Amino acid sequence: MNKISALGRFIGTWYVSTVLLIAVGLAIGSTVFFYAYPGKPKIAVIDIPFTVIDDRSVFEIGAMLDYARDDSSIKGVVISLNSPGGGAAPSEELFFEMVRLREKKPVVVIMEDLVASGGFMMSMGANYAMAKPSSFVGGVGVILSPLPPVVPFEPSDREGVTGPFKLNGGSRRHFVTMTEQLRQAFASIVITERGDKLRTTKNEILEGNLYTGVEAMQVGLIDGLGGQTDAIRKAASLAGVANYELVDVNTEVSRVFNEKLERMNGPVRFEPNLSGEFSASDIFALLNGQSTGAPTEASTLLKGLITEDSDALLTLPPTGGIGADPAKALPDFPLSIAGPKAYYLYVGSSE
Amino acid sequence: MSAIGRFAFGSNLRRVLTIPLLFAAVYFLVALFTYYRGTYDAPATPDLLFEEITTPISAHTIFTEQPEIRSGVMVVDGAHDNEFDTAELVSLLSSMANRGITVDFMGVATGFGSFRRMTSLERLEALESKLRQAGSLVVIAPREPYTKQERGLVRRFVDKGGRLLLIGDPTRTQQINSLAEEFGLSFQPGFLYNQTDYDLNHRNIFVQDFFPDPVTEGLTQVAFYTVGAIRSSGPALAYTDGNTFSTLVEGIEPFYPLVKSTRGNVLAVGDLTFMVPPQNSILDNNTG
C-alpha cells in the first residue's frame, strides 16, 4: 500500500504529471495522424510485366488500379508498364480507368521494353509518362481484322436476314471507314493528352511508328527519361509527399483475392460429399462450367459456396453462360461467329 | 505565453485537457509537415472530342459512256496462278462487252472464280494458241513467273501490234515483273500512301496529275486502293502529289502508278482494286 500511495504521490507531482500528459498528447497525435487522418503517405507501385491487353488482363489491371484509387493512404501511383497493346476496347477501358485514377491521385507510368499501341493509349491516362532511353514506345494506330473480302460472298437463301449487312455488319468500305474513325479517335486521345508538349504532327504520329525513349522524348510523346526510382520520386513530388512508404499493389491485390478465395474455399474443403480438397483453379473451372475431373457435382459445390459465403461469391468472375464458347451457347445456329475485331496492337515484323 | 501558461496550468482539469490536446496538435502538425509538402492538384480531365471525328469519304460518280463499237478478242491470263477473282473484273469485262470485244480467259476455271494450276507446258501451249486470235492480253498478278519461252511469245505478240495490259497489286503475291521487265517496266515493292488526302484510309490515294495521252483523256481524279509505283523506260501517264510516299522506296518522287512502255502498246497499272466495285464508281475510276 505504501508503495502504491508513493507512486500516486509521484505521479501527482506537477512535473511528472505534465510529462505523462505530454506523452498522452503525443500518443493521441500520432494515433490520429497515422491511423485516422491523413496517415503515413504511401506510393503504390503496380508492375505490369509484358502483357497483351485483353478482357482478362483488364480485369486484373483494373483490380490493381481500383485498389490504388480506393486506398486513401496511397497518395501517388507508379505503373511499370510493358505491353504491345491488345484489344481496342480493353485498351480504351484501361485508358479511361487511368483517367479516373488520375482525378484522385497522381499517376506516373514508367515504360519498360515496349509500350506500344493500346499500351501507349493506357499510358496517355497518366499525369506523367517516363521511359528508358532504349524503350520502344508509340505504335499509334488500329488494326481491324478481318475486313470483308473485296468481292463479297454470295448470299445464302437458307437464312432469313432483315438487312443487306445484317450478317456481316457492313460493306468493306464501311469497315474501312470504321478503321479510320478508330484511328482518328486514337489520335484525338494522344493529341489531347499531350497537348502543347507534342512536337510532331498528327500525320507523323498516325504513321504508327515506334520511337525509342530518346526519340519519344524529343517529339513530346513522353515527359521524361529515367528509371523506376525516378518515377517513384516524380509521383511523390506530384502528390506533395515525403518520407513515404512503397506499396506493392500486385502483392496486396493477390493477398486480398486469396483471402476471398480462402473464405469460399473453407466450406468446400469440408463438404462431406466431396472427396479431397479443391484448389482455386478447380473452383474457377467448376464455376465456369468446365470439368475438373473430380467426381463431384458442381451444383453441390456451388450450393455450399452460396450458403456459406454468398457475398464473396458475388466478387467471383462471371459464371455459367457468360463468356461461354458461342458454338456451345448457340448449338443450333448454323453459322460460325467470327469477328471483326479491332486491336490497338503492335505486331512486330515477322521473319 | 504567460496567459497560455496560466490557462494551461491554472487548474487541474484544464491541465489534463489542454496539455494532451496541445501536444497532440503539435505532433500532428510536425508529422504533417514531415510527410506532406503540398497537395495534389488533379489536372482537368480534357474533353475528348470524339464527336468531331470525320472520315474522308469520296463521292460515287455516275458514269455513262457511248463507246465506239469494235471487234476483237481480249485474252485474260488465268494460267499463271493469277491472284484475282473473275468477279473482280466485272467492270472491265462489261466495258469490253460494251465495245463489242470478246473476252477469252486463258486457263481452266475452277468454278470459284479462280483457275486451276497448269504445268509450264500446258501454259505455253495455251498462251500460244490464245494469242493467235487475240488483239490484247491482260495479265493480272501472276503468282507463277513467265518463262523465257512465254516472254518470247508475248514479245512477238506485242511487236506485231498486240496490246498488253499488266495489272499489279501490292496486296497480292505476284511475279509480274517476270513479264513486265521484258518491256522495260518494273513494278516497285511496297505501296503508296498519303496521310493528308485520301479516301477512307491512307492506303487509298488520289491521283490527279496526268500526262496527256488517249488513256488519260477525260481523267481529272482517280482513286487507287493500295497501289504500287511502277518505273518505266517509257512515258508515265499519271503521277502522285508531294504528300504521297512509298513504304519502301525513299527519295524518289513523284511516283508513277500508271505507265506505258516505250512502244506505247504496253500499259501497266499498279492496282487492281480501283476497278473492283464499288471502288470503280469513285471519282473517275470508271472513266479510266
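Only a predicted model underlies this, so the values are computations on that prediction, with no experimental measurement involved.

Further remarks concern the domain arrangement of chain B. Examined at the domain level, chain B breaks down into domain 1 (1-39) and domain 2 (72-281). The straight-line distance from the C-alpha centre of domain 1 of chain B to that of domain 2 of chain B is 90 Å.

With that settled, the discussion passes to the sheet that holds strand β14 (residues 266-269) of chain B. All names here are of chain B. Read across the sheet, 8 strands follow the order β2-β1-β3-β4-β14-β13-β11-β8 without closing on themselves; strand pairing throughout is mixed. Looking along the sheet, the strands with just one partner apiece sit at the ends: β2 (102-106) and β8 (209-210). Strand direction decides the pairing type here: strand β3 (residues 136-140) and strand β4 (residues 163-167), joined by 5 bridges, are parallel. From the neighbouring strand, Ile140 faces β4, where its bridge partner is Ile167. Along the sheet, helix α4 (residues 120-133) contacts β1 (73-77), β2 and β3; its crossing angle with β2, the most-contacted strand, is approximately 170°.

For the rest of this paragraph, the subject is the packing of helix α3 (residues 55-70) of chain A against helix α4 (residues 88-104) of chain A. All names here are of chain A. α4 packs onto α3 with a crossing angle of 0° between their chain directions and a minimal axis gap of 10 Å. Taken as axis vectors, α3 and α4 run roughly parallel relative to one another. Facing Asp55, Val58, Ile61, Gly62, Leu65, Asp66, Ala68 and Arg69 of α3, the residues of α4 in contact are Pro90, Glu93, Leu94, Glu97, Met98, Arg100, Leu101 and Lys104. Partitioning the contact of α3 with α4 into residue classes produces 8 nonpolar, 1 polar and 7 charged.

All right, on to the interface of chain A and chain B then. In many reports, interface size means the accessible area that the parts give up when they come together. Each side of the interface is counted separately: chain A has 53 residues, and chain B has 51 residues. When chain A packs against chain B, close to 4,100 Å² is buried across both sides, 65% of that on carbon and sulfur atoms. It is Leu21(A), Phe33(A) and Arg173(A) that lose the most area in chain A upon contact with chain B, and together they represent 17% of the buried surface on that side. Summed over the shared surface of chain A and chain B, the number is 1 salt bridge. Between Arg173(A) and Asp199(B) there is a salt bridge whose closest N-O contact spans 2.8 Å.

Taken as a whole and assessed by the stated rule, the structure comprises 12 aromatic pairs over all chains. One aromatic cluster in this structure is built from Phe33(A), Phe34(A), Phe28(B), Tyr35(B) and Tyr36(B). The aromatic ring of Tyr128(A) is capped on one face by Lys234(A), whose charged end is 4.6 Å from the ring centroid. Against the face of Phe191(B) rests Arg203(B), its NZ or CZ located 5.5 Å from the ring centre.

How each quantity is defined
- Residues numbered from 1 in each chain as written.
- Chains lettered and ligands numbered in written order.
- Predicted model: local features only at pLDDT ≥ 70, side-chain atom pairs only at ≥ 80, totals over all residues.
- Heavy atoms only, no water.
- Domains from an automatic or database assignment.
- Pairing = 2+ DSSP bridges.
- Helix = DSSP H or I, 4+ residues; strand = E, 2+ residues; numbered from the N terminus.
- Contact = heavy atoms within 4.5 Å.
- Axes fitted to C-alpha atoms, helices over the stretch in contact; angles between N-to-C directions.
- Parallel < 35°, antiparallel > 145°, perpendicular 65-115°, else oblique.
- Nonpolar A, V, L, I, M, F, W, Y, C, P; charged D, E, K, R; others polar.
- Buried area = accessible area lost by both parts, 1.4 Å probe.
- Salt bridge = Lys/Arg side-chain N within 4 Å of Asp/Glu carboxyl O.
- Phe/Tyr/Trp six-rings, centres within 6.5 Å; stacked < 30°, edge-to-face > 60°.
- Lys NZ or Arg CZ within 6 Å of the ring centre and 35° of its normal.

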